[in-house]
Amino acid sequence: MQDNDEEAEERTRIISSDSDATRVYDAPRRAATQSNKSNQPSVPTGVTKPDQGPGIALGTVIAQRFIVEQLLGHGGMSVVYRARDLEKVRAGDPNPCVAIKILRTNLTDNPDAVIALQRETKKGQMLAHPHIVTMHDFQTDPQLGLSFAQMEELHGYSLKQLIEKSPKGLKDKDKAISIILSIAHGLEDAHKRGNVRSDLKPSNVFVTDYGQVKILDFGIARAMPGSDTDQFDAGSLGALTRGYATSEMFDREPPDPSDDIYALGVIAHQLLTGTHPYQEVLRESEPIM
């Protein structure tokens, strides 16, 4: 295979889309793994200022363990990086990198945002479903003054990217149906455990290089009334997206599984036809607060 063909097949790496529009960065694998050869921590370079970027400077060592190597993506609440875990390096792990999700610098002092990130980690650990991203741990670094979540690093592309490349819908209808059913299975499990994903949309659904579908960002997930789930309401952060939100969400009514089912219906329409059922709304689908 020619070099340019290899580069074309190097998919975008991203772990999270966050609760609003996410920018995704192309990350060739061979370039991202070059720095794995060193066992020595880089000198921390600190937190960037809000006007210099969304979060942490590359080379920063977090919690004396994770070296920030690459920006993977960011949204309105958080930033996701590829980081090299020095404990894994010392243990000789051939895959020492993880994904680190950090609150944006302007939210590090927002207690609700910190709680939402901690609850996302807790929900991810509790749900442990093959179609929901795996969350490993929630930690703080008092020296840098930040909170972060550690999670599995995924390789592939977002559903938003797939839809944008298929303006008439996926030609492989079996693949489209498989993706829809995978999302449905993940949501079903979350609903049984008392959680509504809320603000479900193509940018927070991920398809790995192996074809596995993963729902991202359960930090915005909300507990159903009457459930025994933690009742912290991530809806207090106010994120929703016009093109995928129910009228009940606009009215700030209690979360219900039907909110997710509606969004899944819209996504299914896009996968099968390439178009949003309400094109006028989609043009204004930026999250509202």
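Above this text you will find the structure in question.
Residues numbered from 1 in each chain as written. Predicted model: local features only at pLDDT ≥ 70, side-chain atom pairs only at ≥ 80, totals over all residues. Heavy atoms only, no water.

Helix and strand counts for the protein stand at nine helices and 14 strands. Burial analysis of the protein (289 residues in total) assigns 54% to the buried set. Here the protein has roughly 13700 Å² of accessible surface; of this, 50% comes from carbon and sulfur atoms. (Helix = DSSP H or I, 4+ residues; strand = E, 2+ residues; numbered from the N terminus. Buried < 20%, exposed > 50% of the residue type's maximum accessible area, 1.4 Å probe, protein only. Areas by Shrake-Rupley, 256 points an atom, 1.4 Å probe, with all protein chains shown as cover.)

This part takes up the sheet that holds strand β8 (residues 156–158). Note: strands within a sheet are paired through backbone hydrogen bonds, in either parallel or antiparallel orientation. The three strands lie next to each other as β8-β10-β11, forming an open sheet whose pairing is antiparallel. At either margin of the open sheet sits one strand with a lone partner, and together these are β8 and β11 (213–215). Averaged over neighbouring strand pairs, the angle between their axes works out to 25° when direction is ignored. Bridging between strand β10 (residues 205–208) and β11 involves three bridges; their strand directions are antiparallel. Counterpart to Val207 in the pairing with β11 is Val213. Its contacts with the sheet put helix α6 (residues 173–192) on β8, β10 and β11, and the angle it makes with β11 is roughly 40°. (Pairing = 2+ DSSP bridges. Axes fitted to C-alpha atoms, helices over the stretch in contact; angles between N-to-C directions. Contact = heavy atoms within 4.5 Å.)

What follows covers a nonpolar patch on the surface. Where nonpolar side chains cluster on the molecular surface, the patch consists of Ile177, Leu181 and Leu272 and spans about 240 Å² of accessible area. Mapped onto the elements, Ile177 comes out in helix α6. (Patch = residues over 30% accessible without salt bridge, like charges linked within 9 Å, V, L, I, M, F, W, Y side chains within 5 Å. Salt bridge = Lys/Arg side-chain N within 4 Å of Asp/Glu carboxyl O.)

Quick look at a negative patch on the surface now. Together, Glu248, Asp251, Glu253 and Asp256 make up a negatively charged patch on the protein surface. Looking at where Glu253 falls in the secondary structure, it is placed in the loop between α7 (247–250) and α8 (257–273). (Lys, Arg positive; Asp, Glu negative; His and termini not counted. Charge placed at Lys NZ, Arg CZ, Asp CG, Glu CD.)

This part is about unusual backbone geometry. The backbone phi angle of Ala63 is positive, close to 55°, even though this residue is not glycine. Ala63 sits in the partly exposed class, given a relative accessible area of 26%. The phi angle at Gln64 is positive, at roughly 55°, despite the residue not being glycine. With respect to the secondary-structure elements, Gln64 resides in the loop between β2 (61–62) and β3 (66–74).

The next thing to look at is the environment of Asp259. Its place among the elements puts Asp259 in helix α8. By relative accessible area, Asp259 is classed as buried at 6%. Linking Asp259 and Ala245, residues 14 residues apart in sequence, is a C-alpha distance of 7.0 Å. Filtering out sequence-adjacent residues up to four positions away, Asp259 remains in contact with Val196, Thr246, Glu248, Met249 and Pro254.

We now examine the environment of Asp109. With respect to the secondary-structure elements, Asp109 resides in the loop between β5 (97–103) and α4 (111–127). Among the residues examined, Asp109 registers a relative accessible area of 72% and is labelled exposed. Separated by 38 residues in the primary sequence, Asp109 and Ser147 place their C-alpha atoms 9.8 Å from one another.

As a further point, take the nonpolar core. Ranked by size, the top nonpolar core spans 22 residues in total, and within it Leu159, Leu162, Ile179, Ile183, Leu200, Ile267 and Leu271 carry the most contacts. By residue number, the principal contributor to this core is α8, which donates six residues. Excluding residues within four positions of it along the chain, Ile179 makes contact with Leu159, Leu162, Leu170, Val207, Val213 and Leu271. If you look at the next biggest cluster of nonpolar residues, it comprises 16 residues, including Leu72, Met77, Leu117 and Met135. (Core = buried A, V, L, I, M, F, W, Y, C linked by side-chain atoms within 4.5 Å.)

Relative to the elements of secondary structure, Arg197 occurs in the loop between β9 (195–196) and β10. Judged by relative accessible area, Arg197 falls into the buried class, the value being 0%. A polar contact of 3.0 Å, which involves the side chain of Arg197, links it to the backbone oxygen of Leu216. (Polar contact = N/O pair within 3.5 Å; in protein donor to acceptor, adjacent residues only side chain to side chain.)

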